[in-house]
Every structure is written in C-alpha cells, then in structure tokens.
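# Notes for the structure review
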Amino acid sequence: MVQTNQKLSLPVMGCGTWAWGNRLLWGYDQSMDDQLQGVFNLCVNKGVTLFDTGDSYGTGKLNGRSEFLLGQFSRDYSGLNKADICMATKLAAYPWRLTRKSMVSACKASAKRLGKNVDLVQMHWSTQNYAPWQEWSLLDGLGDLYEQGLVKGIGLSNYGPKRLKQVHQKLRDRGIPIKTLQVQYSLLSTYPVTQLGLKDVCDELGIKLIAYSPLGLGLLTGKYSENNPLPKGIRGLFFQQLLPKIKPLLDSLHTIASDRNKTRSQVALNWCISKDTIPIPGAKNIEQAQENLGALGWQLEENEIAELDKIAASLDQKMVQNIFQTQ
C-alpha cells in the first residue's frame, strides 16, 4: 500500500464549522432541498467549509441521504471557497461490519454518494462498551483507507481519554495520525472535558476536539421554555424536567447576549470556541445559518467565560451523555 501525501487541512476559521443533518432525513421534497442548498451556499461563502455527516443519517432505504445531498450541494456551488470544502463523514460500527474490508467498502460507498473521496473519515462510535473485539478490525480498515490514499485524515467520535490513547498508539505504530475527535460538548455537557480531561489528552496527542450538540439539542438557544411549546415525545418530557433546573444558565446567557447585542445561541457557540474546540451546530434554514455565523468574529471576555463555567458546574442536572461515550 502507498502512503498518501495528501494533508487534511481544517478550515482556517477552525471554530466556525457546521455539522449537517445529524439525524435529519433530507429530501422529502425539492423545496426543502433547495432551502438547504441555500444554507450550504451561505456557509461556504462566509468561510465555513467543513461539513460533517454520517453514513447512517437517514432511515431505512434512505440511509446515506445526507451524504448524497451534501455531494449535490457541493457540486452545485460555484462561489468563494469552493476549493476549500472539506467533507467529513462518520462510518457506523454496525454489528454486521466485522472486517477491515467492510470499512473500506463503507467509505467507498460514502464517496460514491458524495461524488468525491471523503476528506475526513471517522469512526462513528466505539464498540468498547459492548463488543471490544469488533473494534480493532474496523480501526484497521480506517488505517487502510488512509494508507491507500482514499482519505486525507482519520477521526474518532465518542472516545474517552483511556481508549483514545490505546487507539492513538495502535494507529501511530502504522504511521497514521488521528486528526479529530468528536464528543458531546456544550455548557450542558461539560463531562468529557471537565471530568474526563479529554481536552488535555487531545492537546498532548495533537488531536483537534470537535463539539457536537453544542447547543444542547436547542435548549441553549432560548427557543424552548416552560411557557413555549416543547418537542413532542420523550424529548419534550426531558426538556420539561430539565428547563427549570438550568434556568440560572439560561439567565446568564441572556444577560451576556443582551450586553453584547448577540443571541444566546451565539454566546453558547462562542463559549465552545473559547475552549479551543470546533462547534458543529446544525442549520436547517438561512435564518439558523445566519445566527450561527454570528458566533464568529468576536470573543467572550475571561470573566464572562468564568461566570458561565461556574454556573454550568453548579447545575444539578445536565444533558444525558451518549451511551457510546467511552472512558
């Protein structure tokens, strides 16, 4: 196999990248796709060029729909920064993916949907918590993709420091660097950094930390309150229980946002940026994209960060951690 000489370069902005789709099922109708094309165009034009998705995003026969549409949006875009667009996808550790070849095949399928090679391929989650024997073959497959020049970089998702060090050593023995690590991180989910010490380990190993769900599933936006409609189902019940307990944090976000002529979302995202992470919020329409972009180009003061840190640490209840998060 031939070692690739390609380099993965995250956007110069670094802290202003957007996640696309998460579990949204795009493509129900053309008008929705057209709207998302507009969001994509706006983000890239403003210098946001890293787009994160996963081969499991979608349902049933539409798995991979997010990758397909991202590829379409990228091909149809012709404005500024087009050459800098970086496509990152996560390959699911499905129970039937057992060999290194299965990961190579999965990435090739993702590339076909995207219409180009994947720039950053990531392990969507670790199987350490339930099937540790499965994981090493899948990681070998990621390494094969890098060595064959099919991807520019390798990343992980939902790994804790102990497991991260083990995987880092395994790939380093093959001369393969880990570029990124995604974890659930926000003012409502500080656990990976404050309790696991993950940021220090990433800094030591030269890995960039990506913060997914940086707005706490929307709780930090101010969109939801005890007096406003909540999501339906289990999520709504959880929000109903959590909102009164995080009121001090929401009040502090509101105060800082008002003083700075910003929104709570923008303050929450800027807080992630201040922690030297790359937040990847979603955007379903132009208005949300414009609001996310408002988190860039300014910095919270140290006393504001300290206040938010203190309140976040004092909360009795926070977001539930991802069940795949390892130690």
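One structure accompanies this document, and this report is about it. Worth saying up front: this structure is predicted, and the values here are computed from it rather than measured. Residue positions are given per chain, counted from 1 along the sequence in the order it is written. In keeping with the model being predicted, local features are shown solely for residues with a pLDDT of at least 70 and side-chain atom pairs are shown and tallied solely at 80 or more, while totals for entire chains, interfaces and linings include all residues. As a rule here, side-chain values come from all non-hydrogen atoms in the structure, and water together with hydrogens is ignored.

### Overview of the overall build of the protein
Helix and strand content of the protein: 12 helices and 8 strands. Residue exposure (1.4 Å probe, protein chains only): buried if accessible area is under 20% of the type maximum, exposed if over 50%, otherwise partly exposed. Counting the 327 residues in the protein, one finds 54% classified as buried. The contact criterion used is simple: two residues touch if any of their non-hydrogen atoms lie within 4.5 Å. For the protein, long-range pairs separated by at least 24 residues make up 78% of all intrachain contacts whose partners lie at least 6 apart in sequence. Segments assigned H or I by DSSP are reported as helices when at least four residues long, segments assigned E as strands when at least two residues long, and all are numbered from the N terminus.

### Structural notes on the pairing of strand 3 (residues 86-91)
In summary, the side chains of a regular strand alternate between the two faces of the sheet. Counting buried residues along strand 3, 6 of its 6 residues qualify, which places the element largely inside the surrounding structure. Two strands make a pair as long as DSSP finds a minimum of two bridges between them. Relative to strand 3, strand 2 (residues 50-54) runs parallel, the two being bridged by 5 bridges. Counterpart to F51 in the pairing with strand 3 is M87. Each parallel crossover has a hand, and the one from strand 3 via helix 3 (residues 100-114) to strand 4 (residues 120-123) is right-handed. Here a crossover is taken to be right-handed if, once the strands point away from the viewer, the path from the first strand over the helix to the second is traced clockwise.

### Section: the pairing of strand 4
Side chains of strand 4 alternate between two faces, with L120 and Q122 and V121 and M123 buried alike. Pairing between strand 3 and strand 4: 4 bridges, direction parallel. Within strand 4, the position partnered with K90 by the bridge is Q122. Where the polypeptide runs from strand 4 across helix 4 (residues 132-147) and back to strand 5 (residues 153-157), its parallel neighbour, the crossover connection is right-handed.

### Overview of the side chain of S189
Considering the arrangement of structural elements, one finds S189 in the loop between strand 6 (178-184) and helix 6 (191-194). A polar side-chain atom of S189 sits 3.1 Å from the main-chain carbonyl oxygen of Q184. Here a polar contact means two N or O atoms within 3.5 Å. Within protein one must be a hydrogen donor candidate and the other an acceptor candidate, and residues neighboring in sequence count only if both atoms are side-chain atoms.

### Concerning the pattern of salt bridges
Here, a salt bridge means any side-chain nitrogen of Lys or Arg that lies within 4 Å of a carboxyl oxygen of Asp or Glu. Within the structure shown, the criterion is met by 19 salt bridges. Its salt-bridge partner being R97, residue D55 comes within 2.8 Å of it at the nearest N-O pair. In this pair, D55 is assigned in the loop between strand 2 and helix 2 (65-76) and R97 in the loop between strand 3 and helix 3, connecting sequence segments 42 residues apart. Residue K199 is joined to D203 by a salt bridge in which the shortest nitrogen-to-oxygen separation is 2.7 Å. Remark: D203 and K199 occur in helix 7 (residues 198-205); sequence separation between them is 4 residues, near one turn of the helix. Linked through salt bridges whose partners overlap, the residues forming this network are R100, D140, D144, E147, K170 and R174.

### Notes on the packing of helix 2 against helix 3
In the contact formed by helix 2 and helix 3, the axes pass within 7 Å of each other and the chain directions differ by 45 degrees. Our classification of the angle between helix 2 and helix 3 gives oblique. Judged by residue contacts, E67, F68, L70, G71 and R75 of helix 2 engage S110, R113 and L114 from helix 3. Note on residue categories: nonpolar means Ala, Val, Leu, Ile, Met, Phe, Trp, Tyr, Cys or Pro, charged means Asp, Glu, Lys or Arg, and polar means any other residue, Gly included. Tallied by class, the residues present in the contact of helix 2 with helix 3 amount to 3 nonpolar, 2 polar and 3 charged. Every angle, taken between N-to-C directions, lies between 0 and 180 degrees, and every axis is a line fitted to C-alpha atoms, over only the stretch in contact when it is a helix. Throughout this description, any angle smaller than 35 degrees is read as roughly parallel, any larger than 145 degrees as roughly antiparallel, any in the 65 to 115 degree range as roughly perpendicular, and the remainder as oblique.

### Comments concerning the packing of helix 9 (residues 247-260) against helix 10 (residues 264-274)
In contact at an axis separation of 8 Å, helix 9 and helix 10 are set at 100 degrees when each is read in the N-to-C sense. Compared by their axis directions, helix 9 and helix 10 come out roughly perpendicular. Facing L250, L253, H254, I256 and A257 of helix 9, the residues of helix 10 in contact are R264, V267 and A268.

### Re unusual backbone geometry
The phi dihedral of N81 is positive, around 70 degrees, even though this residue is not glycine. Mapped onto the elements of the fold, N81 is located in the loop between helix 2 and strand 3. Judged by its relative accessible area of 28%, N81 falls in the partly exposed class. One non-glycine residue, N158, lies in the positive phi region at around 70 degrees. Counting through the fold element by element, N158 comes out in the loop between strand 5 and helix 5 (161-172). Classification of N158 by relative accessible area gives buried; the value is 3%.

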